[in-house]
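# What the coordinates show
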Amino acid sequence: MRKFFTYAVYLTCLITVIFTSFSTAYAQEAASYVIKGKVVDNKNLPLPGASVKVAGTSQGVTADGNGAFSLTLNGAASLTISFTGMETKSVAVNSTTKIINVTLSDNGKQLNEVIVVGYGTQKRSDVTGAVASVPKARLTELPVTNVLQAIEGAVAGVNISTSSSVPGSQPAALIRGQNSINASSSPYVVVDGIPLSKTGGSLNDINPNDIASVEILKDASAVAIYGTNGSNGVILVTTKRGNTGKPIIRYNGYVGTENLAHILEPRNSAQYVQKYADYLKQTGQTQTSPVPNNSELPNYKAGRTIDWVKEATQQGIMQDHNVSISGGSTDVKYFISGDYLNQKGVVKGYQYQRVSIRSNLDINVTNYLTVGTSLYYANNNYDGGRANLLFATAMSPYGNEYNADGSYTIYPMNPEQLYTNPLLGLKTDQLNRSVNLSGNGYAEVKFGGVLKGLRYHLNAGYNYLPTRTDSYVGRLANNLLGTATATSSETQSYTVENLLYYTKDIGKSHIDFTGLYSAQRRRYFTSTGTATGFVNDELSYNSLGSGASQSSTSSSDRYALNSQMGRLIYSYDGRYVFTATARRDGSSVFGVNTTKYGWFPSVAAAWNISNEAFLRNSNVVSSLKLRGSYGRTGNEAISVYQTITADKSVRFPFNGVSTIGLQADNLGNDNLHWETTNQADIGVDFSLLKSRVSGSLDVYDYRTSGLLLKRSLPNITGYSSVWDNIGKTANKGLELTLTTQNITGKAFRWETSIVYATNRNKIVSIYGDGKDDLGNRWFIGQPVGVIYDYKMTGVWQTGEDASKQDPGAKPGDLKFADTNGDGKITAEDRVVQGQTAPKWTGGLTNTFHYKNFNLSVFIQTAQGMLKNNADLNYADESGRRNTPVDIGYWASTNPTNSFQSLNYTNTRGYGYPRDASYTRIKDITFSYVVPQKFLDKIGIASLTTYVSGRNLATFTKWIGWDPEQTYYTRGTGNSGSNQSAFVADYTNNYPVTRTFVLGVNVSLK
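From a predicted model like this one, the values you see are computed outputs, not experimental measurements. (Residues numbered from 1 in each chain as written. Predicted model: local features only at pLDDT ≥ 70, side-chain atom pairs only at ≥ 80, totals over all residues. Heavy atoms only, no water.)

To continue, consider the pairing of strand β22 (residues 429–446). As judged from the 13 bridges shared by strand β21 (residues 369–381) and β22, these two strands associate in the antiparallel manner. Looking at β22, one finds that T370 is bridged to E444. The sheet contact formed by β22 and strand β23 (residues 454–473) spans 16 bridges and is antiparallel. Bridge pairing in β23 links K446 to R455. (Pairing = 2+ DSSP bridges. Helix = DSSP H or I, 4+ residues; strand = E, 2+ residues; numbered from the N terminus.)

Structure (structure tokens):
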């Protein structure tokens, strides 16, 4: 299969060259002429992206950033010039015409815009569902490695969270709240019509420079067409394709710096010494040394200190270079791009490199047959040993970084061995790489005669994703035996979709039908070899057989999905639109005692009120559409084989011999079936005052039942849990998107975009008995993620009597509220204090234009969430490590009510919940479009330079590195994280970074 795919790549490139060369030669043979022009609005401002097409043909071009275009013609022609929200114009040209300037007037009809929806495109006026388009400005001139980073805070109802800024890591996405508890709530991602989700790939593999548009499907009417894959929303990514015209070469690139956005500074030397003295005093110990450890004394006496955070960090550098060429003839269009991204992290050892190549080809073979391909290759590199930022913050400023021979000291605070040198990871060998090789192809046949309006479209996609992760930890990194690990995996998947389209106009009625039959398959295999006990460290992970002991593991799985779908759209007179969709999915993940198939129907309607006679000539209402939808979606988001009862092999001694036996592993459920969500949505899209004010408002109500939930089991069964269809959740919310044209002068313009979303999530039922699940912190009537803990009211002070309420408490211990009024502090005093997801999110973008200068300022906010603050709790380590200066401590001379004493023992397991709300200046971009009259002299079609800054300032009450970041304390982690760039644990704490870049976008003539 890999050889076949390689040959297919070569063949496609060859076809591209042949057809392009042939079409160019043909054009040269005919009598041709070049016409140039510029498209502007009635204020003489350029309209970049305006469409210029030759009437009656498929030939056309798109205006560049200055509104300029160039078109090669053969003979007289009529050009049709259009732009979203503008009146379309037709201009007659011939060989005597050299230059034309076209002015388009605002038609106030924002709903004429064509957007991508599931399995096709529609005019926005015909869309009956909740579909959001990511602003085009967010897809360019931003220093991001993943398109989700550009979406964060910019689309109402889409919550993008960045728990770590490790280079190459991917943000988490959640659309309209969390429907499920244990099953995945991640949205489904589709790229150029072929699923990216469930193939092993991620949006990290897609170069943001290649993306033309991103649409987000939210409600049942929009997502039901994807059935089981649509219950958590769908992200549709469309990449760039070629246009008719001569080849256009573009370069987009930037280079810049990265720094820590905020540093949680450790105590300096004087503060460290004072803390140790206070610790000894509070614990009743006699101080015999100014510092805790003997190895620190020589440096203390000599006045030598180390800034460990500075030693573990560095100046980050980020650069991206993208070159593309696009163009084509009437019958052959192509887009080819190559990209190189290099990100040097701010913590030593962290880096990310990506090399990607894309080739999109469209060929009109005949007037009824069109074929095309979308091929891309992405190579991700996360190599390198890494410093440990957590350990750097824990080190004594009087610690020892190096040994006498120049090697790193293993224990800088010897004899303290709780924390090792934070730089030891740099002495490990780490290889972490992945490749995504993807080939998608399509063929479309258009029928004529009595079958006019009928199209058959075949989509086929294949993905091959090999990964390799190798590691060696040797003596310089505190492993005296040496341990090597080599892991490789391979994911192969394919998708085949048969689509049937039919459109028909009957008088004022328009009918649009889409039918689908598809199949998806994925096969995964992984193997790991481990060896320990090497004579030396020279061979690293390259010779596992040289280790004294070896072990190996391997596993494989297979996933399959079959689907059928039908969608009917009926519109009348551009005023009334009705949509009905039904999809049937069969998934291999479900049990043998129930049908593996599920039906997911939806209905929707829209009323274009502005097309009614009473509003058609309104000076106030430019466009107004009311829409509503109701439907059902499913969720299968669990791993394969969860319905099968399985054992695992283990080794145990039997008669003095190591023997392989079996142990209970997974308890299957043959009755497991779909998790189902019933969705209702009502929305309004509007444009007022000749599009000076436009936007949309949506309210929704989701009810999920038959949750795919892990039911806890008594340990005596041999199993800890089993998957079951139990429980119900509900999500209600409101979303608002508002865009205003504040000033629309000829030289100066000011636009504002506001997004606001609120979501109310709650658990309706868990096990059907009306009881909460205290162990899992699931409470009926409360959100899925909550903080359930004691309510801190202050700190016990000297002279206060705690004997009745909290016997054993002493001055400096935390004081908690007696919430149940029984006069004492017990576990029953724990209460739900808040939710971990934000109650509301928002974004504010102000864009200013002055002649050729542009300034965009984007502010993001997330409000109303609580998080446990790990930085406030160092348990019994407070006297053994350095601590942040921003985190104080109680003392008799400093009777604070915010922080405990240094000898406080957190016996109740209090999590220190704190308000994690924040407002952030997310990015500011300043750009300049070089005037065309200067560029014409040097043969350049367009040139834009820009300066952009990201994560510039954060306003929050949070004490720590950042309220959005997940911070792990020593020995903790999240085994459920699937980040390929890093293990989500205390060895990979990586704070939010601030980025400044200088970039340029240039197109050659």
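To continue, consider unusual backbone geometry. Residue P415 is bonded to the preceding N414 through a cis peptide linkage, with omega at 10°. You can see P415 is positioned in the loop between α7 (389–394) and β22. Even without glycine at this site, L689 takes up a positive phi of about 55°. For L689, the location among the structural elements is in the loop between β32 (675–688) and β33 (693–705). For K690, which is not glycine, the phi torsion reads 55° and is therefore positive.

This paragraph deals with the pairing of strand β28 (residues 597–608). Walk down a regular strand and you will see the side chains alternate between the two sheet faces. Burial along β28 is one-sided: the face carrying G598, F600, S602, A604, A606 and N608 is buried and the face carrying Y597, W599, P601, V603, A605 and W607 is not. Inspection of the sheet shows strand β27 (residues 576–587) paired to β28 by 11 bridges, in the antiparallel sense. Counterpart to V577 in the pairing with β28 is A606. Taken together, the 7 bridges between β28 and strand β29 (residues 621–635) define a ladder with antiparallel strand orientation. The residue bridging A606 from the neighbouring strand is R627, located in β29. (Buried < 20%, exposed > 50% of the residue type's maximum accessible area, 1.4 Å probe, protein only.)

The subject of this paragraph is the pattern of salt bridges. The full count for this structure, using the stated rule, is 33 salt bridges. A salt bridge links D698 to R176; the shortest N-O distance between them is 4.0 Å. Placement of D698 in strand β33 and of R176 in the loop between β12 (172–175) and β13 (188–191) is noted, with a sequence separation of 522 residues between them. Comparing D698 with R176, the two get one shared label, buried. (Salt bridge = Lys/Arg side-chain N within 4 Å of Asp/Glu carboxyl O.)

Attention now moves to the sheet that holds strand β4 (residues 68–73). Sheet architecture is open: 3 strands sit in the order β4-β1-β7, paired in mixed fashion. Each edge of the sheet is formed by a strand with only one pairing partner; in this case those strands are β4 and β7 (99–104). Taking each pair of neighbouring strands and ignoring which way they run, the sheet shows an average axis angle of 30°. Direction of pairing for strand β1 (residues 33–41) relative to β4: antiparallel, over a ladder of 6 bridges. In the sheet register, K38 faces β4, and the bridge partner there is A68. (Axes fitted to C-alpha atoms, helices over the stretch in contact; angles between N-to-C directions.)

For the rest of this paragraph, the subject is the packing of aromatic side chains. Applying the stated rule across the entire model yields 21 aromatic pairs. Centroid distance F391 to Y419: 5.3 Å. Interplanar angle 85°. Geometry classified as edge-to-face. Of this pair, F391 sits in helix α7 while Y419 sits in the loop between α7 and β22, and the two are 28 residues apart along the sequence. Taken as a pair, F391 and Y419 share a single burial class, namely buried. Taken together, a centroid distance of 5.6 Å and an interplanar angle of 80° make the contact between Y472 and F534 edge-to-face. Here Y472, found in strand β23, pairs with F534, found in the loop between β25 (509–532) and β26 (549–572); they are 62 residues apart in sequence, far enough to count as distant. By the burial criterion, Y472 is buried, and F534 matches it. Clustering of aromatic rings is evident, with ring pairs tying together Y790, F816, Y910 and Y912. (Phe/Tyr/Trp six-rings, centres within 6.5 Å; stacked < 30°, edge-to-face > 60°.)

Another aspect to go through is the confidence of the model for the protein chain. Here the protein chain shows a mean pLDDT of 89. Residues at 70 or above account for 94%. Within the protein chain, helix α6 (residues 308–312) carries the highest mean pLDDT (97), whereas helix α1 (residues 2–29) carries the lowest (40). Ignoring residues within four places in sequence, the model shows residues 1–30, a span with pLDDT below 50, making 24 contacts including any to other chains. (pLDDT = per-residue confidence, 0-100. Contact = heavy atoms within 4.5 Å.)

Glancing now at the nonpolar core. V166, Y254, V347, Y419, W961 and Y990 are the most contacted members of the largest nonpolar core, which has 38 residues in total. Sorting the residues of this core by element identifies β17 (245–260), α4 (269–282), α6 and α7 as the ones contributing at least two each. Ranked by residues supplied to this core, first place goes to α7 with 5 residues. Beyond its immediate sequence surroundings of up to four residues, V166 is in contact with Y350, R386, A981, F982, N988 and Y990. (Core = buried A, V, L, I, M, F, W, Y, C linked by side-chain atoms within 4.5 Å.)

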